[in-house]
Every structure is written in structure tokens, then in C-alpha cells.
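Residues per chain are reported as follows:
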Amino acid sequence: MQAIVLSKTAESVFSAELAEVSKDTLTAETTNCDTLVNVEYSCLNYKDALAICNKSPVVRKWPMIAGIDGAGTIEESTSPNWKKGDRFVMNGWGIGETSWGCLAQQARLRSECLVRLPDSISSMMAMAIGTAGYTAMLCALALRDRGVKPESGEILVTGAAGGVGSVAIAILSGWGYKVVASTGRSSEAPYLQSLGAQTVIGREELSNPGKALQKERWAGVVDCVGSHTLANACAQTSYGGVVTACGLAQGMDLPSSVAPFILRGISLIGIDSVMAPIAKRQRAWDSFASEFDLSKLTLMVEQIKPAQVIEKAAQLMAGQIRGRVVVDFKG
């Protein structure tokens, strides 16, 4: 089978290539996995790009098949909960990091980590959503669960042209929220508006050091950036507002103060998609099936072949990709 294989020698010489991997090798490397799946589609996320470009210590075991996401059908499983032909989606759980991932034609996965794909969502659509979109849904649900309503005020989405940001805009605008998109790429304003953003602002309005308390503006925030951007978003969030944090494109630091939390009573909610329990995952995917205009995915998706993955990963790291990149292992 074809797979994106990442390797590192004893001398720390790194390589990433599209290679042929035998099914015997796949079985030997995934002895704790009870389910063999046919990966119809995978995708490229920021974490995938970090691993493929060797920009961060994402990979913990060598060699590694990359890919934190996959969707397709069950080939065989020893679990009573899955049978041949069942449709699945997989996000996170350490695949592509500590165990072999889904940028491959087949993968061996743990059955307890698989989510049943709703009938209305194809494998391609599932990967157009991917971890990025699933994370965006977790953010949107967190805002709504904590009482942020469309009439509460504007919702800020940072890193808006990326995968999480793009899907978050589409979700929230579809739910009737007024979305303000922050991006460092002004040329993407028409794209962001096509997804539902009412206003587009420049990244520079939020990315520099700012005061601990600023003029109140946001009822809620989906932040994909971290660092000064997240600090300023908190400082500008209205009384009782909710900020969801799910990314670190600018940095892992948070140069803020307690002022917005104790003087305005705002909430900062961390969103984890990697180890989220199955019930939470299934709710997110069911919400895509019942509460999301799937036709919007066509506005944000670029579909590629496995041979293009390594080049596209480099482009993603360089900030040259908008929306979502889906990898076709079926065709």
C-alpha cells in the first residue's frame, strides 16, 4: 500500500516520502490495534505539516506513517461493535504521532477510537471537515453551551483563513451569529465573506502587545493563534463573554493578566480535540450532519493526490494554504 512515511536515522537524518509499505509491516507495527480500515480520504492539518516538514517534535516513534485523520470503511475488526463495510471517521488519539496514522491506503486502528460517520456525510466531506473542522465545532458548541447567543454580540474568529477558522466561520454564521474574521491575508477577505464573515479585520489589530483591559467588543471568541492575539481577544471580550482557545499559530505564551477574568467575568475555555471522549466527538459529528450546511465545504476544500502531500505540507507551513486540503487515497 502507499503511505506517507516519515523516518529518522540514528544520526537524526530526517526523510519524508511517499513509499510502498507491506501489509505485514503494517500489522507488525500496530499490534495493539484491533481494526483494519480502508482509508478513502485523509487530509492535511497543521500538526501533519509540522511532522512532515520536521518542524516540531510531533513524531514520538520512528518510522511513522503520518496523518492524524482518516475516513473510509472497516475492512476487518475483532470488535463486536464494528463489521466489514461500516463507515468511520478517525481524529487524533495520537495517530501520526505515537502510532501509525491515516495518510495511507490502509491503517490499523483501535476500535474504541473510531466514530461512526453519519449517513449524510461522505468520507470526502468528513476529511474536508477533519480535525480542524471537528475542533471548530467543539469551539462553537462550547460557546453556545455557555450561553453565548446570536443576539449576544459579535464573535471573533482569529486565524480565520486556516482550517479551524474557515469552518468556525461557516458554522457560526450558519447559526445566525455575527462573525468577525481576523486574518493576516487581506486578499482572503472575499473568501472569508463567502463563508459568512460579516467583517474582516487585519491580524495586526490583535497581534501586538496590548493593555490588560480594552474596549469591550466580543461576545465570544474562537482563537486559533494564542500569544498576544489571544491576550488581546480576552482584553476585548465583553462582560460575561466566552473565549475558546484551540491553537498556537502565533505562540504558546499568553502575555495577559487576571483583569478580564475578575473584572469582567469572562471565561477562557481550552478546547482539546486529540483526546476528547467518544461521546463528545460523536456529538460534534452529529452536529455537522444536522446543523451545518455541508455545501459550504466546497468553498474551502482543495483535493490532492498522495504524491502532492509533501509539497502541500511545506506550503501549509509557509502560510500559503487556505481552508482545507483533502487527500484522495480512493482514486
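All of the points below concern the structure found in this document. (Residues numbered from 1 in each chain as written. Predicted model: local features only at pLDDT ≥ 70, side-chain atom pairs only at ≥ 80, totals over all residues. Heavy atoms only, no water.)

Turning our eyes to something else, we now look at the overall build of the chain. Per the secondary structure count, the chain includes nine helices and 16 strands. When its C-alpha atoms are laid out on the principal axes, the chain stretches across 60 × 45 × 35 Å. Across the 331 residues in the chain, those meeting the buried criterion constitute 55%. Surface summary for the chain: the accessible area is close to 13500 Å², and the carbon and sulfur share equals 51%. Here the chain carries 31 positive and 31 negative side-chain charges, and the mean point of each set is 5 Å from the other. (Helix = DSSP H or I, 4+ residues; strand = E, 2+ residues; numbered from the N terminus. Buried < 20%, exposed > 50% of the residue type's maximum accessible area, 1.4 Å probe, protein only. Areas by Shrake-Rupley, 256 points an atom, 1.4 Å probe, with all protein chains shown as cover. Lys, Arg positive; Asp, Glu negative; His and termini not counted. Charge placed at Lys NZ, Arg CZ, Asp CG, Glu CD.)

What follows covers the pairing of strand 10 (residues 178–183). Burial of strand 10 is extensive: five of the six residues sit out of reach of the surface. Across four bridges, the pairing between strand 9 (residues 154–157) and strand 10 is parallel. By the bridge assignment, glutamate 154 is partnered in strand 10 with lysine 178. In this fold, strand 9 hands off to helix 4 (residues 163–174), which returns the chain to strand 10; that crossover is right-handed. Bridge analysis of strand 10 against strand 11 (residues 199–202) gives four bridges, and the strand direction is parallel. If you follow threonine 183 over to strand 11, its bridge partner there is glycine 202. In the classification by handedness, the crossover that spans strand 10, the intervening helix 5 (residues 189–195) and the parallel strand 11 is right-handed. (Pairing = 2+ DSSP bridges. Right-handed = clockwise from strand over helix to strand, strands pointing away.)

Read from one edge of the open sheet, three strands run 2-1-4, paired in antiparallel fashion. Looking along the sheet, the strands with just one partner apiece sit at the ends: strand 2 (14–20) and strand 4 (64–65).

By the definition in use, this model includes 14 salt bridges. Across the pair glutamate 29 and lysine 61 runs a salt bridge whose closest N-O atoms are separated by 3.6 Å. Of this pair, glutamate 29 sits in helix 1 (residues 23–29) while lysine 61 sits in the loop between helix 2 (46–52) and strand 4; the two residues are 32 residues apart in sequence, bridging distant segments of the chain. Residue classification places glutamate 29 among the partly exposed residues on the basis of a relative accessible area of 28%. A relative accessible area of 28% means that lysine 61 is categorised as partly exposed. Close ionic contact of glutamate 302 with lysine 312 constitutes a salt bridge, the shortest N to O distance being 2.7 Å. A residue pair is termed long-range when its members are at least 10 positions apart, and glutamate 302 in strand 15 (residues 301–304) and lysine 312 in helix 9 (residues 309–317) qualify at 10 residues. Its relative accessible area of 30% is what places glutamate 302 among the partly exposed residues. Overlapping salt bridges, with partners in common, bring together Lys83, Asp86 and Arg116 in one network. (Salt bridge = Lys/Arg side-chain N within 4 Å of Asp/Glu carboxyl O.)

Let us now look at the environment of methionine 317. Positionally, methionine 317 belongs in helix 9. Judged by relative accessible area, which is 25%, methionine 317 ranks as partly exposed. Spatially, the C-alpha atoms of methionine 317 and tyrosine 46 are 7.4 Å apart, while their sequence positions differ by 271 residues. Excluding residues that lie within four positions of it along the chain, methionine 317 makes contacts with Tyr46, Ala49, Leu50, Cys53 and Lys55. (Contact = heavy atoms within 4.5 Å.)

Evaluation of the coordinates by the stated rule reveals three aromatic pairs. Ring plane angle 80 degrees and centroid distance 6.0 Å describe the contact between phenylalanine 14 and tryptophan 62, whose orientation is recorded as edge-to-face. Highlighted residues: phenylalanine 14 in strand 2 and tryptophan 62 in the loop between helix 2 and strand 4, separated in sequence by 48 residues. Taking the relative accessible area as the measure of exposure, tryptophan 62 reaches 31% and is therefore partly exposed. Each ring, one from tryptophan 285 and one from phenylalanine 288, has its centre 5.7 Å from the other, and the planes form 45 degrees; the classification is tilted. Of this pair, tryptophan 285 and phenylalanine 288 both sit in helix 8 (residues 278–291), three residues apart, which is roughly one turn of that helix. The same class applies to tryptophan 285 and to phenylalanine 288, which are both buried. Directly above the aromatic system of tryptophan 82 lies the positively charged group of arginine 116, at a separation of 4.0 Å from the ring centroid. (Phe/Tyr/Trp six-rings, centres within 6.5 Å; stacked < 30°, edge-to-face > 60°. Lys NZ or Arg CZ within 6 Å of the ring centre and 35° of its normal.)

The volume enclosed by the largest pocket comes to roughly 1400 Å³. Residue lining of the largest pocket: 48 residues in total, with Tyr46, Cys224, Gly247, Leu248 and Ala249 positioned closest to the centre. Of all the elements in the fold, those that place two or more residues in the lining of the largest pocket are helix 2, helix 3 (123–145), helix 4, strand 10, helix 9 and strand 16 (324–328). Of the residues contributing to the lining of the largest pocket, the split by class is 22 nonpolar, 19 polar and seven charged. Of the volumes computed, that of the second largest pocket is approximately 150 Å³. (1 Å grid on protein atoms, 1.4 Å probe; cavity = no way out; pocket = protein on both sides within 12 Å on 5 of 7 lines; lining within 4 Å. Points joined across faces, edges and corners; volume = space filled by probe spheres on them. Nonpolar A, V, L, I, M, F, W, Y, C, P; charged D, E, K, R; others polar.)

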